[in-house]
Amino acid sequence: QIKESDSRGGWECSNIGICLWISSGSSWDSPTVGNDGSVICSELNRQGYMSDEHMIASGEYSSRNLDKETMLGYHYWAEPLVDLMSINKKLTNKMIPIGSSWGKHMAYEMGTKDQDDDIGRLINEIAIPLNRGIGVYLIENDAEDLRMSKTDAMKFYYKYIADMPEDEEELKEYIKENLPKMF
């Protein structure tokens, strides 16, 4: 159901009433969006919001330090979120400070940056154990191929990401308080 549209795109709504601005030429259910297996850093890099250095550092850190369970848990929710980021600028804009901070912290961890990033470190400390827990659950329940639905990813966005503060100090507190609730 389209609520409003023009040459740039239009509002498209899911069957439960969650609406999203879709850029012209894309679709809520488009099989070509995000099917390359990319996750948040890759998508931010593709859109020009994350440097190659930070994206590579994130990939190296993940391959060296994160186990299968952690990566599986991360991909469970991140892949559908990236699908939505590829068609919704507002969602991408909310993810830029989180992804950038993560990338800076990963570059620091991998020794390519001298200064750490407090928000990136905080995300690392909280999110990795939570993602691992999701991954363990998926493996124990023979659901390794399961991914969050795009509708649930939009609910996730509206519940936890849409109202994230832009101020760095407020964002740190928001992450401490809300990141554990996300999972």
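In what follows, the structure referred to is the one given above.
Caption draft 1: Spotlight on helix H3 (residues 68-85). Compared with an ideal rise of 1.5 Å per residue, which puts 18 residues at 26 Å, H3 spans 24 Å between its outermost C-alpha atoms and is within 8% of the ideal. The largest bend along H3 reaches roughly 35° and is located at histidine 75. Most of H3 is tucked away, with 13 of its 18 residues classed as buried.

Caption draft 2: Quick look at the pattern of salt bridges. Applying the stated criterion to the full structure yields 13 salt bridges. Of the charged contacts in the structure, one is a salt bridge between arginine 46 and glutamate 43, with a shortest N-O distance of 2.6 Å. Of this pair, arginine 46 and glutamate 43 both sit in helix H1 (residues 40-46), separated by 3 residues, roughly a single helical turn. Taking relative accessible area as the criterion, arginine 46 reaches 51% and is therefore assigned exposed.

Caption draft 3: Expanded view of the packing of aromatic side chains. Considering all chains together, one arrives at 5 aromatic pairs under this definition. Ring geometry for tyrosine 74 against tryptophan 77: centres 5.4 Å apart, planes inclined by 90°, an arrangement best described as edge-to-face. Residue tyrosine 74 and its partner tryptophan 77 are located together in helix H3, separated by 3 residues, close to a single helical turn. A residue is classified by how much of its surface remains accessible, and tyrosine 74, at 17% relative accessible area, is buried. The buried category is assigned to tryptophan 77, whose relative accessible area is 9%. Taken together, the aromatic side chains of Tyr74, Trp77, Phe156 and Tyr160 make up a single cluster linked through ring pairs.

Parameters at a glance
- Residues numbered from 1 in each chain as written.
- Predicted model: local features only at pLDDT ≥ 70, side-chain atom pairs only at ≥ 80, totals over all residues.
- Heavy atoms only, no water.
- Helix = DSSP H or I, 4+ residues; strand = E, 2+ residues; numbered from the N terminus.
- Expected span 1.5 Å × (residues − 1).
- Bend = angle between axes of the 7 residues up to and from the residue.
- Buried < 20%, exposed > 50% of the residue type's maximum accessible area, 1.4 Å probe, protein only.
- Salt bridge = Lys/Arg side-chain N within 4 Å of Asp/Glu carboxyl O.
- Phe/Tyr/Trp six-rings, centres within 6.5 Å; stacked < 30°, edge-to-face > 60°.

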